[in-house]
Amino acid sequence: MIIDEIIKDYKVAKEPLVKYLSLNKIDILEDGSISQKHFQTVLSFIEKQDNRIEKSLNGKNLGYFSPDNRIKIYKDDAISFLEKLPSNSVDIIVTDPAYSGMNNKLKLGKGRIVGKYSEKGTENGKWFGEFEDSEENYTKFLTQCQRVLKKSTGHIYIMFDSYSLLTLGNIVRNHFEVKNLITWDKVNIGMGHYFRRRHEYIIFATNGNTRKIKNRKFPDVWRFKRIHNSKYPTQKPVEVFQAMIHASAETDFVVCDPFTGSASSAIAAIKNNCKFIGCDISEKSIEVSQERITTFLNNGKDILQPNSASVEENIFWE
Ligand SMILES: C[S@@+](CC[C@H](N)C(=O)[O-])C[C@H]1O[C@@H](n2cnc3c(N)ncnc32)[C@H](O)[C@@H]1O
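Presented here is a report on the structure given in the accompanying data block. (Residues numbered from 1 in each chain as written. Predicted model: local features only at pLDDT ≥ 70, side-chain atom pairs only at ≥ 80, totals over all residues. Heavy atoms only, no water.)

1. A look at unusual backbone geometry
Here's step 1: With a phi close to 55 degrees, K25 is a non-glycine residue in the positive phi region.
Here's step 2: Along the polypeptide, K25 turns up in the loop between helix 2 (14–23) and helix 3 (36–47).
Here's step 3: K25 gets classed as exposed once you look at its relative accessible area, which sits at 70%.
Here's step 4: In this structure, A263 is a non-glycine residue whose phi angle is positive, near 75 degrees.
Here's step 5: Inspection of the secondary structure puts A263 in the loop between strand 8 (254–257) and helix 10 (264–271).
Here's step 6: By relative accessible area, which is 0% here, A263 ends up buried. (Helix = DSSP H or I, 4+ residues; strand = E, 2+ residues; numbered from the N terminus. Buried < 20%, exposed > 50% of the residue type's maximum accessible area, 1.4 Å probe, protein only.)

This is the structure we're talking about:
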């Protein structure tokens, strides 16, 4: 691996890296590379460099940053945000993309937000943009997810509705080892022309490794009540993300969500003592997330989800 490429790709400063190589008597070969056998040792050194993610992103985007810098949300497009992150820098990705397919193909209103969400301030009658879920775009997205996720320990959870699961779910296999398909049972029925919808899916996969989840009692059907009358459209229960993070994270792990929405995943990360880095393309998302996280950090109250979504029998993480 060429040193200059490591510096660019992993976003580390040259000076400490060269110093580390010299101290550890790792030779830089004639072509400017280090041998494969030393690469893993160098990777562990890179991982320990402070604020690698922050250095690569700071000052480039507007967003919300918590006072202790453990929570960072950028206003950005998911792919362009991921492209700015260093390789091998994120422990877990938990995400709920804004798929366009369900609306477009099933013709459920062309993706327009209706009712209270169509109020002034939304863009083109929509509160937020949709992620173009073509195979090409999704492949770009997953390539970046794989690059930023840690190779030895990384876990990824991606949420799908039934339409996007059938069109895009199989592509996840080209990038990750898919270990299971989790069903989120929302307890109460929702909309639907052919059977009322009561569930969504979550693909759980690892980044080419075998790190197990922490809790062996976890089933692959999760029951959490859907959020009714949410302030942010498509807001998911914090518990859905808590279940993912609880299964896969240790204290201080970096959790990433490139479709942050109302920051349910960020609140779940805080509850699990993890750091969080995410982005959303919508200005409204940043506003809502800032208010929600600030209040939660100040007084422990979740203004967007005051009540638990858990049903009695499945509080797996307690
Ligand atoms: C399904 S919502 C996420 C909801 C979130 N899980 C919650 O609980 O609030 C998807 C989010 O993706 C955002 N989005 C749409 N296109 C995007 C893009 N290209 N890059 C980043 N975010 C995008 C939308 O603004 C929306 O907030």
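2. Quick look at the nonpolar core
Here's step 1: Residues V94, Y157, I202, W222, M244, I245 and I293 are the most contacted members of the largest nonpolar core, which totals 36 residues.
Here's step 2: Elements represented by at least two residues in this core include exactly strand 2 (71–75), strand 3 (92–95), strand 4 (155–160), strand 5 (177–185), strand 6 (199–206), helix 9 (238–248), helix 10 and helix 11 (283–299).
Here's step 3: If one sorts the elements of this core by residue count, helix 9 sits on top with seven residues.
Here's step 4: Of all hydrophobic cores here, the second largest spans 34 residues; its members include I53, F131, I158 and V172. (Core = buried A, V, L, I, M, F, W, Y, C linked by side-chain atoms within 4.5 Å.)

3. Comments concerning the site of the ligand
Here's step 1: The environment of the ligand is formed by 24 residues, the closest being D77, A78, Y232, S262 and D280.
Here's step 2: The separation between a nitrogen atom of the ligand and a polar main-chain atom of A78 is 2.8 Å.
Here's step 3: S264 is positioned with one of its side-chain polar atoms (N or O) 2.8 Å from an oxygen atom of the ligand.
Here's step 4: For the ligand, the protein covers 97% of the area, taking 610 Å² as the surface of the free molecule.
Here's step 5: Here the shell around the ligand is composed, by residue class, of 10 nonpolar, eight polar and six charged. (Near = heavy atom within 4 Å. Polar contact = N/O pair within 3.5 Å; in protein donor to acceptor, adjacent residues only side chain to side chain. Areas by Shrake-Rupley, 256 points an atom, 1.4 Å probe, with all protein chains shown as cover. Nonpolar A, V, L, I, M, F, W, Y, C, P; charged D, E, K, R; others polar.)

4. A few points about the packing of helix 1 (residues 3–10) against helix 2
Here's step 1: One way to put it is that helix 1 packs onto helix 2 with a least axis distance of 11 Å and a crossing angle of 130 degrees. Here helix 2 runs oblique to helix 1, going by the angle between their axes. Judged by the twist between their axes, the crossing of helix 1 over helix 2 is right-handed. Across the interface between the two elements, I3, D4, I6 and I7 of helix 1 pack against K14, L17 and L21 of helix 2.
Here's step 2: Looking at side-chain class alone, the contact of helix 1 with helix 2 contains five nonpolar, no polar and two charged residues. (Axes fitted to C-alpha atoms, helices over the stretch in contact; angles between N-to-C directions. Parallel < 35°, antiparallel > 145°, perpendicular 65-115°, else oblique. Left-handed = near helix turned anticlockwise from the far one by under 90°. Contact = heavy atoms within 4.5 Å.)

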